[in-house]
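Observations on the model geometry
Each chain is listed here by its residues.
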Amino acid sequence: MLRTTASRVLDDNDREEVLALLDSDPVANVFVSSRVRAVGLSPTRLGGQMWGFGPRGGLISLCYAGANLVPVNAGREAVHAFADRARKQGRRCSSIVGPAGAVEQLWERLEPHWGPARAIRWAQPVMATASAPAVDPDPLVRRVKPEEFGILLPACVAMFTEEVGVSPDNGDGGALYRSRVAELIRIGRSLARIDDGRVVFKAEIGAVTPQVCQIQGVWVDPELRGRGHASAGMAAVVEQSLKYFAPLVSLYVNDYNLPARAAYRRVGFREVDTFMSVLF
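Residues numbered from 1 in each chain as written. Predicted model: local features only at pLDDT ≥ 70, side-chain atom pairs only at ≥ 80, totals over all residues. Heavy atoms only, no water.

Section: the overall build of the chain
The helix and strand tally for the chain stands at 9 helices and 12 strands. Its C-alpha atoms give the chain a radius of gyration of 19 Å, near enough to 19 Å, the size a compact globule of 280 residues would have. With the C-alpha coordinates aligned to their principal axes, the bounding extent of the chain is approximately 60 × 35 × 35 Å. Counting only residues that meet the buried cut, the chain has 49% of its 280 residues in that class. The contacts in the chain between residues at least 6 apart in sequence include a share of 69% that link residues at least 24 apart. Total accessible area computed for the chain in this model is approximately 13000 Å², and 51% of it derives from carbon and sulfur atoms. Across the chain, the 33 positively charged side chains and the 30 negatively charged ones have centroids separated by 3 Å. (Helix = DSSP H or I, 4+ residues; strand = E, 2+ residues; numbered from the N terminus. Rg over C-alpha atoms; globule rule 2.2 N^0.38 Å. Buried < 20%, exposed > 50% of the residue type's maximum accessible area, 1.4 Å probe, protein only. Contact = heavy atoms within 4.5 Å. Areas by Shrake-Rupley, 256 points an atom, 1.4 Å probe, with all protein chains shown as cover. Lys, Arg positive; Asp, Glu negative; His and termini not counted. Charge placed at Lys NZ, Arg CZ, Asp CG, Glu CD.)

Examining the sheet that holds strand 3 (residues 61–65)
Spatially, 12 strands are ordered 1-2-3-4-5-12-6-11-10-9-8-7 in an open sheet, and the strand pairing comes out mixed. With partners counted over all chains shown, the strands left at the sheet margins are strand 1 (8–9) and strand 7 (142–143), one partner each. The pairing of strand 1 with strand 2 (residues 49–53) spans 2 bridges and is classified as antiparallel. Of the residues in strand 2, the one forming a bridge with R8 is G52. (Pairing = 2+ DSSP bridges.)

Brief notes about the pattern of salt bridges
Taken as a whole, this structure holds 15 salt bridges when the rule is applied. Its salt-bridge partner being R109, residue D84 comes within 3.3 Å of it at the nearest N-O pair. You can see D84 sitting in helix 4 (residues 76–89) and its partner R109 sitting in helix 5 (residues 100–114), a full 25 residues away along the chain. Overall, D84 belongs to the partly exposed group, its relative accessible area being 26%. D221 is the salt-bridge partner of R198, the closest N and O atoms lying 2.8 Å from each other. (Salt bridge = Lys/Arg side-chain N within 4 Å of Asp/Glu carboxyl O.)

Overview of the packing of helix 6 (residues 149–164) against helix 7 (residues 175–186)
Where helix 6 contacts helix 7, the axes come no closer than 10 Å and their chain directions differ by 120°. Considering their axes alone, helix 6 and helix 7 lie oblique with respect to each other. Helix 6 and helix 7 meet at a crossing whose hand is right-handed. Listed contacts from helix 7 to F149, L152, L153, C156, V157, M159 and F160 of helix 6 are Y177, R178, V181, A182 and I185. (Axes fitted to C-alpha atoms, helices over the stretch in contact; angles between N-to-C directions. Parallel < 35°, antiparallel > 145°, perpendicular 65-115°, else oblique. Left-handed = near helix turned anticlockwise from the far one by under 90°.)

Quick word on the pairing of strand 4 (residues 68–72)
In terms of burial, strand 4 is largely enclosed, as 4 of its 5 residues are buried. Where strand 3 lies against strand 4, 4 bridges are found, and the strand directions are antiparallel. Directly across from L62, in strand 4, lies its bridge partner V72. Linking two consecutive strands that pair antiparallel, namely strand 3 and strand 4, is a turn of 2 residues.

Some thoughts on the UniProt feature "domain: N-acetyltransferase" (unreviewed entry) in the chain
The feature "domain: N-acetyltransferase" (unreviewed entry), as given by UniProt, occupies residues 139–280 in the numbering adopted here. The span residues 139–280 is 38% helical and 29% strand by assignment, and the distance between its end C-alpha atoms comes to 38 Å. (UniProt positions renumbered as here; feature names shortened; annotations may be inferred.)

Notes on the nonpolar core
Formed by 24 residues in total, the largest nonpolar core has its most connected members in L69, F82, I96, L106, L110 and W114. Of all elements in the fold, only strand 2, strand 3, helix 4, helix 5 and strand 12 (270–279) reach the threshold of two or more residues within this core. Looking at which element gives the most residues to this core, the answer is helix 5, with 7 residues. Discounting chain neighbours no more than four positions away, the residues touching L110 are L69, A83, A86, R87, I96 and G115. (Core = buried A, V, L, I, M, F, W, Y, C linked by side-chain atoms within 4.5 Å.)

Here we look at the environment of G58
When you line up the elements, G58 lands in the loop between strand 2 and strand 3. You can call G58 partly exposed: its relative accessible area is 22%.

Things to note about the packing of helix 1 (residues 15–22) against helix 2 (residues 30–39)
Relative to each other, helix 1 and helix 2 sit at 155°, their axes nearing to 10 Å. One finds that helix 1 runs roughly antiparallel with respect to helix 2. In this structure, helix 1 meets helix 2 at a crossing whose hand is left-handed. Here R15, V18, L19 and L22 of helix 1 come into contact with helix 2, specifically with V32, S33, V36 and R37. Partitioned by chemical class, the residues of the contact of helix 1 with helix 2 number 5 nonpolar, 1 polar and 2 charged. (Nonpolar A, V, L, I, M, F, W, Y, C, P; charged D, E, K, R; others polar.)

Describing the state of the cysteines
A full pass over the atoms with the stated rule returns 0 disulfides. Not part of a disulfide, C156 finds its nearest cysteine sulfur in C213, a span of 18 Å. Given a relative accessible area of 0%, C213 falls into the buried group. (Disulfide = S-S within 2.5 Å.)

See below:
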């Protein structure tokens, strides 16, 4: 058996080793990698802790413990160490999300202490593309302007509520969510088609690294679904993502969302992994 130390809280002295581990699977790790690249490993800036696990003097697994609990390259021993630390610390996250095998093992150990979950998404295909879109992009999809925040926000709230099952206004009245929406607009990573003040399609580029970017928050006005807006809109997002952000574009989607999966495949996305999410 591999002789290991217990998990430990990492800091900026571990940054290069952490990034090397994250870069071993840039698609699966894009969210955590983007956070580390943006703010480092100081818990104050990171908005949580980064836990490391490995043989003495080494690092083979990570777990981001912030608003989400996200295991990285976590085998069974690492999962046990991370679950023990999470159990002792108490639940501070709103979800556990990441590669399905590791998340399922984490939840097996944490459910007796943290359960029940509000919802479990057992299989979320991770999809990626490095190619120009296979369908024509919607030419009306563009970067959202800061002055359009009030137009975009209701669509973002509707998407979040539909996807997660609760409103982002719960808890702090939506202040943190509104701040995130505004920030993505400010940095040019919120894309939408807006017709006469109505959001037809929207999506955000939620995480960016030199290798890959991750699309999130894809939404089409319910009254306009089934008309090709999702495929054409996503084609536009992929086109702009490849041009301005990264050479590979990824996302993950619920397995039961068959229309979305079909739209993404039409654009050129292919399944490369499977995530799982436990929502509280």
